[in-house]
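Listed below, chain by chain, are the residues.
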Amino acid sequence: MSTAVNDRLQDSVLVNEWHPVYKASELKDEPVGVIVMGERVALFRSKNGVNAFRDLCIHRGAMLSKGYIKNDTLVCPYHGWQYDDKGNCVCIPAQGKDKKIPVRAKAEGYHCIEKYGIVWVCLGEPKSDLPDIPEFEDPSYRPLVCGPYEVKAAGTRVVENFTDFAHLMYVHGGLLGHPDYAELPDFQIFKEEDRIYTDDVPIFQPVAHSGSDAKEGTTYVYVKEVFRPLVGKLSKRDADTGQTLYILLTVLPINDKECTVYMAVARNYGFDVPDEQFIQFQDTVFEQDAWIIETQKPELLPLDLQAELNHKVDILSVAYRRWLKELGVTIGTT
Ligand code: FES
């Protein structure tokens, strides 16, 4: 697969990461256009799977994503050139069928895969595989995809918020915690080559709006992880019943101050609850997250650890910022 990374992105660390670009279930028989790190990308599904091309026809620069699928090829809407899923132009309608197609008549392709119900694109050369999350393929879990959610902030702010425990009782008060139970236990973090994660962090969640002193509620055990610069994961387990929720949060950087968030979710409970209801709950929670994230200044996550005041409960966030600095991820898309 050839790649089509322009000079602006050549030195970017994130160019070699997998980015979530679309819900797989919604990529059907028409091409769509997405923006990845400022680049226009055309997505389409062929019989071999999902494909991503630079969204620009080599003939006269029209957007391939505005075209259509015919005979398993992507047809440019301007003059009808047809590209197969390898990017080869296989038909130029304005010339006779016996005429040779120019060698340069190709669509430039990007790496593209489908996993966890999401279509992923890498503009450069993938630096690593996507995280392996067995629960999403485990039949005792029910998988679904939430999002996309548009956020006016750098993707790193979103991932950092995802790793944060202390906001649950405030931003999500009544849903995921309560300010009266805001004290956090001590916890540790561990760092491996491509992964930073916490040990078990128990958080008490009182019965919502009970207003009683009876301390009725549930203790959930959280583990939070960061896999790649823009991919995080959490597990939330009911300590008594073992009911567990996994969320893989992954961020598509649009530009330095905007991103799109997808969440692959799997749960081993509540199969009788319609997915729509479950998604609605996650929508509400993420709306609350986005609301607070968009108030943060600067939009770009500061990697100078003196720039903001770190507290001991921020150890995962501090480790994440250190890791981003080591990787050379300094701003939203570079
Ligand atoms: Fe695409 Fe002419 S611009 S076929």
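The rules behind each value
- Position numbers for residues count from 1 along each chain, tracking the sequence in the order it is written.
- Thresholds applied to this predicted model are a pLDDT of at least 70 for local features of residues and 80 or more for the giving and counting of side-chain atom pairs; totals over whole chains, interfaces and linings are not thresholded and use all residues.
- Where side-chain values are given, they derive from all heavy atoms of the structure, hydrogens and water being excluded.
- Note on scores: pLDDT gives the predictor's confidence for each residue, bounded by 0 and 100.
- We count a stretch as a helix when DSSP gives it H or I for four or more residues in a row; a strand needs E for two or more, and each element gets its number in order from the N terminus.
- Throughout this description, buried means an accessible area under 20% of the type-specific maximum (1.4 Å probe, protein chains only), exposed means over 50%, and partly exposed covers the range between.
- Throughout, a contact is declared for two residues whenever any of their heavy atoms are within 4.5 Å.
- Every axis in this analysis is a line fitted to C-alpha atoms, fitted for helices over the stretch in contact. Angles between the N-to-C directions lie between 0 and 180 degrees.
- What sets the label is the angle itself: under 35 degrees gives roughly parallel, over 145 gives roughly antiparallel, 65 to 115 gives roughly perpendicular, and the rest give oblique.
- It is the rotation of the near helix from the far one that decides the hand of a crossing: anticlockwise by less than a right angle makes it left-handed, clockwise makes it right-handed.
- Each residue receives one of three labels: charged for Asp, Glu, Lys and Arg, nonpolar for Ala, Val, Leu, Ile, Met, Phe, Trp, Tyr, Cys and Pro, and polar for the others, Gly being one of them.
- Any two strands are treated as partners once DSSP identifies two or more bridges connecting them.
- Nitrogen and oxygen atoms within 3.5 Å of one another constitute a polar contact, given that in protein one can donate a hydrogen and the other can accept it, and given that sequence-neighbouring residues count only through two side-chain atoms.

Identification of the chain as 2Fe-2S ferredoxin from Halalkalibacter okhensis is taken from an unreviewed UniProt entry.

1. Here's the deal with the confidence of the model for the chain
Confidence along the chain averages 91 in pLDDT terms, with 93% of residues attaining 70 or more. Confidence estimates for the predicted assembly give a pTM of 0.91 and an ipTM of 1.00.

2. Some details on the side chain of T198
Turning to its location among the elements, T198 is positioned in strand β13 (residues 195–198). Among the residues examined, T198 registers a relative accessible area of 2% and is labelled buried. Apart from residues no more than four positions distant in its own chain, T198 is found in contact with F165, F187, Q188, I189, F190, Y222, V223, K224 and L316.

3. Some details on the packing of helix α2 (residues 155–163) against helix α4 (residues 275–293)
One way to put it is that α2 packs onto α4 with a least axis distance of 11 Å and a crossing angle of 120°. Between α2 and α4, the interaxial angle falls into the category oblique. The crossing of α2 and α4 is right-handed. Seen from α2, the contacting residues are R157, V158 and N161; seen from α4, they are F286, D289, I292 and I293. Class assignment of the residues belonging to the contact of α2 with α4 gives a composition of four nonpolar, one polar and two charged.

4. Concerning the pairing of β13
On a regular strand, one side chain projects to one face of the sheet and the next to the other, so that they alternate. For strand β12 (residues 189–192) and β13, the ladder comprises four bridges, and the chain directions are antiparallel. Paired with K191 across the strands is I196, a residue of β13. Note: β13 against strand β15 (residues 217–228), two bridges, orientation antiparallel. Bridge pairing in β15 links Y197 to E225.

5. Section: the side chain of Q205
Turning to its location among the elements, Q205 is positioned in strand β14 (residues 201–206). At 2.9 Å, the side chain of Q205 forms a polar contact with the backbone oxygen of L175. Leave out the neighbours within four places in its chain, and Q205 touches L175, L176, G177, G217, T218, Y220 and K236.

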